[in-house]
Amino acid sequence: VKKLLIIAVLAIASSASATDWKNVVLIDQACAAKAKANPDAHTRSCAIQCSKSGYGILTEKGEYLKFDQAGNEQAAKLLAGTDKKDHLRVNVQGQEKDGAISVTSLSF
């Protein structure tokens, strides 16, 4: 019984572990679908202008994963503090559940 309990706890802990997405496209939700053809051409100014739709990433597979509120706030600060014009590639750490990421870390 103890072994089963330990295995169950480890399984739960591993499913709740953080995931890293490296060099993925940061994009606002409003532009995600139309920018899939050439996401690196999506501009910082557009991302800032469309901030109310929320932010997320396009994975290597072209899947859009939206950010939680904390991730949206981090993305807005990151975009405001850079002079990048496009090629908005980021590294994200967080937990993905049901197509959304609870962001713990976000950086260019």
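In case you missed it, the structure is sitting above this.
What counts, and where the lines are drawn
- Position numbers for residues start from 1 in each chain and track the written sequence from start to end.
- The model is predicted, so local features are restricted to residues of pLDDT at least 70 and side-chain atom pairs to those at 80 or more, both for listing and for counting; the totals for chains, interfaces and linings are taken over all residues.
- Side-chain measures were taken over the full set of non-hydrogen atoms in the model, leaving aside hydrogen atoms and water.
- Each helix corresponds to a stretch of at least 4 residues labelled H or I by DSSP, and each strand to a stretch of at least 2 residues labelled E; elements are numbered beginning at the N terminus.
- Throughout this description, buried means an accessible area under 20% of the type-specific maximum (1.4 Å probe, protein chains only), exposed means over 50%, and partly exposed covers the range between.
- Side-chain atoms alone can form a polar contact between residues adjacent in sequence; in general such a contact is a pair of N or O atoms within 3.5 Å, and within protein one must be able to donate a hydrogen while the other accepts it.
- By definition, residues are in contact when any of their heavy atoms lie within 4.5 Å.
- At least two bridges found by DSSP between two strands is the condition for calling them paired.
- Between the N-to-C directions of two axes lies an angle of 0 to 180 degrees, each axis being a line fitted to C-alpha atoms and, for a helix, fitted only over the stretch in contact.
- When a carboxyl oxygen of Asp or Glu is within 4 Å of a side-chain nitrogen of Lys or Arg, the pair counts as a salt bridge.
- Between the first and last residue of a helix there are one fewer steps than residues, each counted as 1.5 Å, and that sum is the expected span.
- Think of the arc as the fan of directions from the helix axis to the C-beta atoms.

*Asks:* Now, about the side chain of His 42: what can you tell me, with residues and values included?
*Replies:* As for its position among the elements, His 42 is in the loop between helix H2 (29-32) and helix H3 (44-49). Under the relative-accessibility criterion, His 42 is labelled buried at 9%. Of the polar contacts made by the side chain of His 42, one reaches the side chain of Asp 28; its length is 3.1 Å. Dropping the residues within four chain positions of it, His 42 is found in contact with Ile 27, Asp 28, Cys 31, Ala 35, Ala 47, Lys 85, Asp 86, His 87 and Leu 88.

*Asks:* Go over the sheet that holds strand S1 (residues 19-28), please, and point to the residues and values.
*Replies:* By way of backbone hydrogen bonds, the strands of a sheet pair with one another, either parallel or antiparallel. Taking strand neighbours around the barrel as the criterion, the five strands line up as S1-S2-S3-S5-S4 in a closed arrangement whose pairing is mixed. With direction set aside, neighbouring strand axes in the sheet form an average angle of 55 degrees. Where strand S4 (residues 89-97) lies against strand S5 (residues 100-107), seven bridges are found, and the strand directions are antiparallel. Note on S5: the bridge partner recorded for Gln 95 is Ser 102. Across the sheet, helix H4 (residues 69-80) touches S1, strand S2 (55-58), strand S3 (64-67), S4 and S5, and the angle it forms with S5 is around 30 degrees.

*Asks:* So what about the pattern of salt bridges? Which residues, and what values?
*Replies:* Between side chains of opposite charge, a pair can form as their charged atoms come close. Overall, the coordinates contain one salt bridge when judged by the stated rule. Close ionic contact of Asp 40 with Arg 89 constitutes a salt bridge, the shortest N to O distance being 2.9 Å. Of this pair, Asp 40 sits in the loop between H2 and H3 while Arg 89 sits in strand S4, and the two are 49 residues apart along the sequence.

*Asks:* Kindly report on H4, identifying the contributing residues and their values.
*Replies:* Here H4 contains 12 residues, and its C-alpha end-to-end distance of 17 Å stays within 8% of the 16 Å for a straight helix at 1.5 Å per residue. The complete set of buried residues in H4 reads Gly 71, Asn 72, Ala 75, Leu 78 and Leu 79. Taken around the axis of H4, the buried residues stretch over an arc of 130 degrees, which confines them to a single face. Exposed and facing more than 90 degrees away from the buried side of H4 are Gln 69, Lys 77 and Ala 80. The inward-facing, buried residues of H4 abut S1, H3, S2, S3, S4 and S5.

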